2 protein chains.
Amino acid sequence: MAKIPHRLYLTEEQIPSQWYNLRADMKELPDPLINPATGKPVVAEDLYPVFCEELARQELDNTTRYVDIPGEIMDMYQIYRPSPLCRAYSLEKALGTPAKIYYKFEGNNTSGSHKLNSAIAQAYYAKEQGLTSVTTETGAGQWGTALAEACSYFHLPLTVFMVKVSYQQKPFRKAVMETFGAEVIASPSDTTRVGRKILEDNPSTGGSLGCAISEAVEKAVSTPGSRYVLGSVLNQVLLHQSIIGQEARKAMDILGEYPDVVIGCAGGGSNLGGLIGPYMQDKLLGKASPRIVAVEPASCPSLTRGRYAYDYCDTGRITPMARMYTLGCGFIPSSNHAGGLRYHGMSPILSKLYHDGYMEAVSVEQTKVFEAAVLFAKNETILPAPESAHAIRAAVDEALRCKETGEAKTILFGLTGTGYFDMKAYENYMHQSMSDYVPTDEELQKGFDSLPSIPGIQ
Amino acid sequence: MAKIPHRLYLTEEQIPSQWYNLRADMKELPDPLINPATGKPVVAEDLYPVFCEELARQELDNTTRYVDIPGEIMDMYQIYRPSPLCRAYSLEKALGTPAKIYYKFEGNNTSGSHKLNSAIAQAYYAKEQGLTSVTTETGAGQWGTALAEACSYFHLPLTVFMVKVSYQQKPFRKAVMETFGAEVIASPSDTTRVGRKILEDNPSTGGSLGCAISEAVEKAVSTPGSRYVLGSVLNQVLLHQSIIGQEARKAMDILGEYPDVVIGCAGGGSNLGGLIGPYMQDKLLGKASPRIVAVEPASCPSLTRGRYAYDYCDTGRITPMARMYTLGCGFIPSSNHAGGLRYHGMSPILSKLYHDGYMEAVSVEQTKVFEAAVLFAKNETILPAPESAHAIRAAVDEALRCKETGEAKTILFGLTGTGYFDMKAYENYMHQSMSDYVPTDEELQKGFDSLPSIPGIQ
């Protein structure tokens with residue numbers, strides 16, 4: 001066996017040409033989406049006014065195991081993929097751990113994160129269907145940037161509703177999206193009914209992801225030739241993100257390595273769901289049993305403290321309902337919380353796998369997250385996004401446990417992106433002006449009180 | 001011949017293990033550095049108070065063709081190198097050109113630029129000598145970030161004098177350097193004699209690179225165990241940056257390609273000098289004659305409108321004098337000018353090669369530079385640094401000429417870094433609030449009036 005390199009890049013030919021659909025191997029499927037108007041399971045036609053048709057089909061396709069990636073999407077993947085599988089030699093040394101730490105780094109593209117993998121697919125299918133524009137929302141800005149990039153490439157006009165507090169705090173994120181030709185609107189805005197309503201009720205609100213989703217959906221359904229696209233949570237997004245896990249698996253196989261534990265940060269689940277694909281498949285098929293760990297912020301703990309229940313995907317309650325781990329669509333994370341991972345729910349696929357015991361979850365507090373981020377940056381020369389740093393924290397903790405026990409475990413984690421646009425949070429951490437926040441049970445109860453109550457369902 | 005991939009990564013084993021010293025193949029050497037105190041050529045001992053010893057030797061070594069890269073430096077290179085050689089298929093298509101456009105992309109590391117290649121070497125040699133701290137200056141911030149990263153890796157304390165106007169306009173650059181543990185001081189500052197003098201004369205000055213150099217040198221020579229390091233202009237820096245050109249050459253050779261023209265942006269010359277190495281060697285040895293083109297901003301045109309003369313490397317006139325193309329050490333670029341490439345002089349090696357006809361130079365105006373940057377970003381999904389975009393502009397112009405003539409030239413350019421911290425300039429460009437500036441002959445004359453006049457030399 002030759003020495004394992006610091007970074008292994010597959011060749012262009014080795015980029016997977018199919019996405020992997022986890023649902024095809026699940027023993028039990030996630031419960032169906034429910035149409036709140038009828039109380040019945042959603043069918044593809046219900047989704048056509050909101051999603052483009054191929055994506056609506058992918059959303060509901062529980063059986064096709066592998067989906068061919070269209071050539072036009074492969075063309076754009078090849079501009080920035082494959083992403084490297086990295087061995088964290090320097091971090092291992094700093095920790096003094098016998099563990100072998102690997103990470104799949106998705107930050108080497110302008111969007112700075114893995115979000116581009118699904119943005120390209122969604123922009124492509126929208127263009128293919130002859131749509132003339134799409135809308136979306138963005139919080140921290142990674143998804144908006146990725147979609148702006150993809151829409152620019154496919155010459156598709158895009159409107160992004162950006163959570164107002166991010167819009168104000170991250171003017172440069174907005175500038176990147178505008179550079180790629182997107183229209184960026186601070187949400188809540190007076191351009192939609194739901195936005196005007198929210199502003200009327202609470203004129204000084206900084207907005208929320210759920211509220212921006214409501215605005216983007218309204219704009220899409222009220223604009224001819226337009227549809228809505230979403231960067232996480234959805235089954236279709238996990239499908240597209242499976243490129244991460246498949247590349248990681250191929251690279252690990254080349255190195256003759258198999259992870260004892262696979263770790264990913266989890267907000268809506270797009271990265272984690274993509275990363276774990278082939279390893280979760282092994283687990284579902286009984287071929288192997290690696291530990292799979294979701295890491296979420298202690299301030300927005302949908303898996304570790306949420307309910308497994310039907311809920312709306314947005315604050316405005318205009319989307320279908322999904323059965324998932326949720327804090328309630330009325331839950332608003334503390335403004336103290338830096339970075340993304342602030343969604344009230346969790347991917348229905350991941351929720352089901354967690355519910356059925358295929359996955360673990362841990363929550364971490366943000367000062368410990370940034371401590372790990374700085375340690376990682378100093379050793380691996382990559383400045384991680386705060387979201388990604390949640391996974392780093394858990395990987396470091398795992399490696400430190402190995403140091404205690406002397407076990408040489410193989411750890412694989414997902415490094416979703418870079419933190420160039422999150423320097424304010426780093427600054428707060430460096431200057432000791434960052435604090436932790438964990439919601440009380442009473443605060444969580446308020447969120448649970450916002451869960452919908454549908455006769456015959458829950 | 002297999003299809004040429006979008007991005008070609010060499011393997012870890014293929015990373016060159018030696019730097020290439022262009023001077024060893026030059027027919028005529030650059031004129032020696034002059035010690036202003038004695039009027040005599042500088043010897044290594046003259047430099048020891050300022051530079052660490054090995055770097056002083058490298059600075060004056062005109063004969064060693066290949067220099068072994070120490071293992072500790074290779075270890076850190078392997079964390080982020082090799083950098084990819086990219087084929088700009090999408091840009092070519094957008095331009096409708098028969099030209100083949102390649103670029104060597106150095107932006108995939110946290111410092112966001114090629115500067116890390118020399119920062120690692122300089123931090124390593126300083127540590128090796130047992131020094132206890134180093135100082136430097138930074139303008140746009142790429143060099144400061146790279147050095148902070150390298151010093152953090154080698155546990156070497158660093159003080160960065162950051163040009164005040166950048167310090168104020170780019171707080172996040174400062175935050176990155178602080179994250180890596182560097183002390184960052186706005187220049188001019190009251191921490192040095194030269195800084196206090198400048199502030200006394202002009203309390204509201206935004207500072208300049210030359211002035212920050214003076215402060216960093218003063219701090220280094222007045223602090224026991226400290227030395228000064230510099231990210232461009234110097235011969236040692238071109239030596240370390242030769243890793244870029246050697247990797248590019250190896251990758252082009254694998255593809256069976258040879259460039260008709262090699263293009264790089266040029267401020268102090270670190271990137272261009274590194275990129276062109278093996279191709280300039282061919283030219284010096286009469287083996288081939290690719291065109292080699294330096295691209296500089298019209299607002300700071302040292303090669304295209306400067307004088308080939310002895311000048312100080314800093315505004316404070318405390319460094320040795322170098323014979324180079326210069327606008328005069330008193331030249332201050334217009335504040336209208338975005339991004340880096342604002343140094344008054346040019347690498348003595350590149351100056352000599354240009355003077356002797358081995359290189360061409362063009363100057364470009366910044367709105368045309370940003371036009372090319374946006375076109376590139378939309379097609380290649382990399383948001384380029386404004387500095388790098390100077391090279392893109394020239395490469396695009398070359399490709400458009402090929403479109404006119406029908407020639408299928410092979411173009412190679414250096415994409416030095418990413419523009420994440422330059423969004424203010426992109427914003428100005430997008431909102432049409434960016435203008436061009438070309439100094440008048442009278443304005444340039446004022447800079448030339450600041451050139452030193454040394455009896456017996458000039």
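It should be emphasised that the depicted structure is a prediction, and the values quoted were computed from it without experimental measurement. (Residues numbered from 1 in each chain as written. Chains lettered and ligands numbered in written order. Predicted model: local features only at pLDDT ≥ 70, side-chain atom pairs only at ≥ 80, totals over all residues. Heavy atoms only, no water.)

Draft legend 1. Representation of the overall build of chain A. From N to C terminus, chain A includes 19 helices and 17 strands. Here chain A has a C-alpha radius of gyration of 21 Å; the compact-globule value for 458 residues is 23 Å, and the two agree. Dimensions of chain A, computed from C-alpha atoms along their principal axes, come out at roughly 60 × 50 × 50 Å. Residues classed as buried in chain A amount to 67% of the 458 residues present. Restricting the contact set of chain A to residue pairs at least 6 apart, pairs at least 24 apart contribute 76%. When the 42 basic and 51 acidic side-chain charges of chain A are each reduced to a single mean position, those positions are 3 Å apart. (Helix = DSSP H or I, 4+ residues; strand = E, 2+ residues; numbered from the N terminus. Rg over C-alpha atoms; globule rule 2.2 N^0.38 Å. Buried < 20%, exposed > 50% of the residue type's maximum accessible area, 1.4 Å probe, protein only. Contact = heavy atoms within 4.5 Å. Lys, Arg positive; Asp, Glu negative; His and termini not counted. Charge placed at Lys NZ, Arg CZ, Asp CG, Glu CD.)

Draft legend 2. Structural view of the sheet that holds strand β8 (residues 133-138) of chain B. All names here are of chain B. Strand order in this open sheet of 4 strands is β10-β9-β8-β11, and the pairing throughout is parallel. One side of each edge strand has no neighbouring strand; the edge strands of this open sheet are β10 (183-187) and β11 (226-228). On average, each strand axis in the sheet is tilted by 25° relative to the strand beside it, whichever way the strands run. The strands that helix α6 (residues 142-153) touches are β8 and β9 (158-163); relative to β8, the one it contacts most, it runs at about 160°. Contacts from helix α10 (residues 209-221) reach β8, β9, β10 and β11 within the one sheet, and its direction differs from that of β8 by about 170°. (Pairing = 2+ DSSP bridges. Axes fitted to C-alpha atoms, helices over the stretch in contact; angles between N-to-C directions.)

Draft legend 3. Just the pattern of salt bridges, in detail. All names here are of chain A. Within this structure, the stated rule accounts for 50 salt bridges over all chains. Between Lys104 and Glu247 there is a salt bridge, with its nearest N and O atoms 2.7 Å apart. Taken together, the residues span a long stretch of sequence, with Lys104 in strand β7 (residues 100-105) and Glu247 in helix α11 (residues 235-255) at a distance of 143 residues. Each member of the pair, Lys104 as well as Glu247, carries the same accessibility label: buried. (Salt bridge = Lys/Arg side-chain N within 4 Å of Asp/Glu carboxyl O.)

Draft legend 4. Representation of the nonpolar core in the model. Of all hydrophobic cores here, the largest spans 242 residues; its most connected members are Ile263, Met359 and Phe413 of chain A together with Ile263, Leu353, Met359 and Phe413 of chain B. Leave out the neighbours within four places in its chain, and Met359 of chain B touches Leu272, Ile276, Met280, Ile292, Ala294, Leu303, Leu350, Leu353 and Tyr354 of chain B. (Core = buried A, V, L, I, M, F, W, Y, C linked by side-chain atoms within 4.5 Å.)

Draft legend 5. Seen up close, the relation of the copies chain B and chain A. Least-squares fitting of chain B to chain A yields an RMSD of 0.0 Å, with the transformation described by 0.0 Å of translation along the axis and a rotation of 180°. On the angle and the small slide along the axis, the relation comes out as a two-fold axis. By C-alpha distance to the rotation axis, the residue of chain B lying nearest is Asn108 of chain B, at 3.1 Å. Taken as a fraction of all interface residues of chain B, those also at the interface in chain A reach 100%, which identifies the copy contact as same-surface. (Least-squares fit on C-alpha atoms with pLDDT ≥ 70 in both.)

Draft legend 6. A look at the sheet that holds strand β8 (residues 133-138) of chain A. Residues and elements named next belong to chain A. In space, the 4 strands of this open sheet follow the order β10-β9-β8-β11, with parallel pairing throughout. Strands at the two margins of the open sheet, each flanked by one partner only, are β10 (183-187) and β11 (226-228). Taken over all neighbouring pairs, the strand axes of this sheet differ in orientation by 25° on average, direction set aside. Across 3 bridges, β8 lies against β11 in parallel orientation. Bridged to Val134 within β11 is Arg227. Lying over the sheet, helix α6 (residues 142-153) contacts β8 and β9 (158-163), oriented at roughly 160° with respect to β8.

Draft legend 7. Local environment of the packing of helix α16 (residues 366-380) of chain A against helix α18 (residues 423-430) of chain A. Residue and element names in this part refer to chain A. Interaxial distance between α16 and α18 falls to 10 Å at its minimum, and their mutual angle equals 100°. Comparing their axes, α18 and α16 come out roughly perpendicular. In this structure, α16 uses Thr367, Phe370, Glu371, Ala373 and Val374 to contact α18, whose residues at the interface are Ala425, Tyr426, Tyr429 and Met430. In terms of residue class, the contact of α16 with α18 is built from 7 nonpolar, 1 polar and 1 charged. (Parallel < 35°, antiparallel > 145°, perpendicular 65-115°, else oblique. Nonpolar A, V, L, I, M, F, W, Y, C, P; charged D, E, K, R; others polar.)

Draft legend 8. Quick peek at the interface of chain B and chain A. Every contact between the two is made by 43 residues of chain B and, on the other side, 43 residues of chain A. In total, about 4100 Å² of surface goes out of reach between chain B and chain A, with carbon and sulfur atoms giving 58% of it. Taken together, chain B and chain A are joined by 2 salt bridges. Note that Glu12 of chain A and Lys3 of chain B form a salt bridge whose closest N and O atoms lie 3.1 Å from each other. At the boundary of chain B with chain A, the tally comes to 16 residue pairs in polar contact (both at pLDDT 80 or more). Among the elements of the structure, α3 (71-80), α6, α8 (171-179), α15 (366-380) and α17 (423-430) of chain B are those that each provide at least two residues to the side of chain B that touches chain A. For the side of chain B that touches chain A, the leading source of residues is α8 of chain B, giving 6 residues. Here the side of chain B that touches chain A is composed, by residue class, of 20 nonpolar, 13 polar and 10 charged. (Buried area = accessible area lost by both parts, 1.4 Å probe. Polar contact = N/O pair within 3.5 Å; in protein donor to acceptor, adjacent residues only side chain to side chain.)

Draft legend 9. How the structure looks around the environment of Gln18 of chain A. All names here are of chain A. In this fold, Gln18 is placed in strand β2 (residues 18-20). Counting along the chain gives 222 residues from Gln18 to His240, while the straight-line C-alpha distance between them is 9.2 Å. Residue contacts for Gln18: discarding those within four places in its chain leaves Tyr66, Val67, Asp68, Ile69 and Gln246.

Draft legend 10. Structural detail: the confidence of the model for chain A. For chain A, per-residue confidence averages 94 on the pLDDT scale, and 99% of positions sit at 70 or higher. Here the predicted complex carries an ipTM of 0.93, next to a pTM of 0.95. (pLDDT = per-residue confidence, 0-100.)

Draft legend 11. Molecular detail of the packing of helix α2 (residues 53-60) of chain B against helix α11 (residues 235-255) of chain B. All names here are of chain B. Two elements in contact, α2 and α11, have axes separated by 7 Å at closest approach and are oriented at 90°. Taken together, the axis directions place α2 and α11 in an arrangement best described as roughly perpendicular. Residue-level contacts link Leu55, Gln58 and Glu59 of α2 to Asn235, Gln236, Leu239 and His240 of α11. Considering only residue class, the contact of α2 with α11 consists of 2 nonpolar, 4 polar and 1 charged.

Draft legend 12. Expanded view of the pairing of strand β14 (residues 307-312) of chain B. Residues and elements named next belong to chain B. Here β14 lies mainly inside the structure; 5 of its 6 residues are buried. Strand direction decides the pairing type here: β14 and strand β15 (residues 321-326), joined by 6 bridges, are antiparallel. Opposite Asp311, over in β15, you have Ala322 as the bridge partner.

Draft legend 13. Expanded view of the packing of aromatic side chains. All names here are of chain A. Scanning the model with the defined rule gives 32 aromatic pairs over all chains in all. Aromatic side chains Phe376 and Phe413 sit 6.1 Å apart centroid to centroid with 70° between the ring planes, which places their arrangement in the edge-to-face category. One end of the pair, Phe376, is in helix α16; the other, Phe413, is in strand β17 (residues 410-415), with 37 residues separating them in the sequence. Members of the aromatic cluster, each reached through a chain of ring pairs, are Tyr124, Tyr125, Tyr153 and Phe154. (Phe/Tyr/Trp six-rings, centres within 6.5 Å; stacked < 30°, edge-to-face > 60°.)

Draft legend 14. Representation of unusual backbone geometry in the model. For the peptide bond that leads from Ser187 of chain A to Pro188 of chain A, omega is 5°, which places it in the cis range. Note on placement: Pro188 of chain A falls in the loop between β10 and α9 (193-201). Positive phi, normally seen in glycine, also occurs at Gln432 of chain A, with a value near 55°. Note on placement: Gln432 of chain A falls in the loop between α18 and α19 (441-449). Of note in the backbone geometry, Thr381 of chain B takes a positive phi value of approximately 60° without being a glycine. Its place among the elements puts Thr381 of chain B in the loop between α15 and α16 (386-405).

Draft legend 15. Here's a closer look at the environment of Thr304 of chain A. All names here are of chain A. Within the secondary structure, Thr304 is located in helix α14 (residues 302-305). Judged by its relative accessible area of 29%, Thr304 falls in the partly exposed class. The spacing of Thr304 and Ser363 is 59 residues in sequence and 6.8 Å in space, taken between C-alpha atoms. Of the polar contacts made by the side chain of Thr304, one reaches the side chain of Glu296; its length is 2.6 Å.

Draft legend 16. Inspection of the side chain of Glu387 of chain A at higher detail. Residues and elements named next belong to chain A. Residue placement: Glu387 occurs in helix α17 (residues 386-405). Of the side chains with opposite charge, Lys170 lies nearest to the buried Glu387, which makes no salt bridge, at 5.8 Å. Once residues within four sequence positions are removed from consideration, Glu387 is found in contact with Ala140, Gln142, Cys265, Gly339, Gly340 and Leu341.

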